[in-house]
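Okay, here's what each chain looks like letter by letter:
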Amino acid sequence: MLRKTAIPFLIGLFLILIICGKKSQFTQNQQIIYSLLPAKNEVAGMQLKEDPRFYQAGNLWELINGAAEGYLVYGFQEMITSVFINESSQKEIVVEIYQMKDNVNGFGIYSSERYPDYTFIDIGTQGYGGNMVFNFWKDKYYVKLLGFDGTLEETNIMKDIAKIIDSKIQAEKKMPEFVGRFPRTGLIQNSEKYISKDFLGHAFLKNSFIADYNIADTEVKFFFVDCADLQQAQTS
């Protein structure tokens, strides 16, 4: 009797050791990012299809060749990409979590891929969804979810995954301070962007902020540059 009960115990212990062994291969920062993913069945029926992969600044181009530079200029630190699958329906959802330098740079990369006419959702500090995509930003994390069939069932699964990740990012939902500095009159909502470097093609223009306006049926752009001091502002 003791032998029969010991076998399941040993199997369970072996599986725990395998899981812990995989996590021990992660760096401390990778463990933090990995912990943001939903656990098995935390979203009903969904689990990781395979081990997630991590990318850093040196090899991000392997995942998003041609677009990596757009992330690096916003202080990209590290990211995780994973595929979740429903065992019964075989539906797959791709989840990517990008860790940027800070909240402002998180907003910067998010806003660079956002347009005012998107359908916005109350997930993270701000997010948008539609056409098999759910993207949101919160603090230094930019989260992207991709589906494949566009059904209502898939949309609801993506929303549930996004909400869980949002809840696991322990940070305040806070817009960068500069967003509140734009005049409200004529502002096209959700057009604000942060440009970290090379604003207007000039290497000396950094930490710049721009938004679109509609003034008397004419679209114009309003921008300002955050300079270190008055002298830098006068010489820019």
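Residues numbered from 1 in each chain as written. Predicted model: local features only at pLDDT ≥ 70, side-chain atom pairs only at ≥ 80, totals over all residues. Heavy atoms only, no water.

**As for the overall build of the protein**
Alright, step 1. When helices and strands are counted, the protein shows six helices and 11 strands.
Alright, step 2. Out of the 236 residues belonging to the protein, those deemed buried represent 39%.
Alright, step 3. Contacts in the protein between residues far apart in sequence, at least 24 positions, make up 58% of those at least 6 positions apart.
Alright, step 4. Accessible surface, the protein: about 13,600 Å² in total, of which carbon and sulfur atoms supply 55%. (Helix = DSSP H or I, 4+ residues; strand = E, 2+ residues; numbered from the N terminus. Buried < 20%, exposed > 50% of the residue type's maximum accessible area, 1.4 Å probe, protein only. Contact = heavy atoms within 4.5 Å. Areas by Shrake-Rupley, 256 points an atom, 1.4 Å probe, with all protein chains shown as cover.)

**Describing the side chain of Thr-81**
Alright, step 1. You can see Thr-81 is positioned in strand β3 (residues 78–86).
Alright, step 2. In this structure Thr-81 comes out as buried when scored by relative accessible area, which is 7%.
Alright, step 3. Not counting the four nearest positions on each side in its chain, Thr-81 is found in contact with Pro-52, Arg-53, Tyr-55, Val-94, Val-95 and Glu-96.

**Side note on the side chain of Asn-86**
Alright, step 1. Structurally, Asn-86 is set in strand β3.
Alright, step 2. Contacts of Asn-86, omitting those with residues within four sequence positions, involve Ala-44, Gly-45, Met-46 and Lys-91.

**Quick notes on the packing of aromatic side chains**
Alright, step 1. Applying the stated criterion to the full structure yields 22 aromatic pairs.
Alright, step 2. With a centroid separation of 6.2 Å and 40 degrees between ring planes, the pair formed by Phe-178 and Tyr-194 is classed as tilted. Of the two residues, Phe-178 is situated in the loop between α5 (152–168) and β9 (193–195) and Tyr-194 in strand β9; the sequence distance between them amounts to 16 residues. Taken individually, Phe-178 and Tyr-194 each receive the classification buried, so the pair is uniform in this respect. (Phe/Tyr/Trp six-rings, centres within 6.5 Å; stacked < 30°, edge-to-face > 60°.)

**Section: the sheet that holds β9**
Alright, step 1. Pairing within the open sheet is antiparallel, and its three strands lie in the order β9-β10-β11. Every other strand in the sheet has two partners, leaving β9 and β11 (218–225) as the edge strands with one partner each. Averaged over all pairs of adjacent strands, the angle between strand axes in this sheet comes to 30 degrees, irrespective of strand direction.
Alright, step 2. Note: β9 against strand β10 (residues 208–215), three bridges, orientation antiparallel. By the bridge assignment for β10, Ile-195 is matched with Ser-208. (Pairing = 2+ DSSP bridges. Axes fitted to C-alpha atoms, helices over the stretch in contact; angles between N-to-C directions.)

**As for the pattern of salt bridges**
Alright, step 1. Summed over all chains, the structure comprises nine salt bridges.
Alright, step 2. Between Lys-144 and Glu-113 there is a salt bridge, with its nearest N and O atoms 3.1 Å apart. Here Glu-113 lies in the loop between α4 (103–112) and β5 (119–121) and Lys-144 lies in strand β8 (residues 141–146), a separation of 31 residues in the sequence.
Alright, step 3. Between Arg-181 and Glu-177 there is a salt bridge, with its nearest N and O atoms 3.3 Å apart.
Alright, step 4. Arg-181 gets classed as partly exposed once you look at its relative accessible area, which sits at 47%.
Alright, step 5. A cluster of three or more residues bridged by salt bridges with shared partners is formed by Lys-138, Asp-166 and Lys-173. (Salt bridge = Lys/Arg side-chain N within 4 Å of Asp/Glu carboxyl O.)

**Some words on the confidence of the model for the protein**
Atomic detail in the predicted coordinates should be set aside for any region of low pLDDT.
Alright, step 1. Across the protein, the average pLDDT comes to 86, with 82% of residues at 70 or higher.
Alright, step 2. The model gives residues 8–21 a pLDDT under 50, and that stretch makes zero contacts with residues more than four places away or in other chains. (pLDDT = per-residue confidence, 0-100.)

**Examining α5**
Alright, step 1. The end-to-end C-alpha distance of α5, which contains 17 residues, comes to 25 Å, matching closely the 24 Å that a straight helix rising 1.5 Å per residue would cover.
Alright, step 2. Of the residues making up α5, those classed as buried are Glu-154, Ile-157, Met-158, Ile-161, Ala-162, Ile-164, Ile-165 and Asp-166.
Alright, step 3. Contacts from the buried residues of α5 go to β1 (46–48), β4 (92–99), β7 (133–138) and β8. (Expected span 1.5 Å × (residues − 1).)

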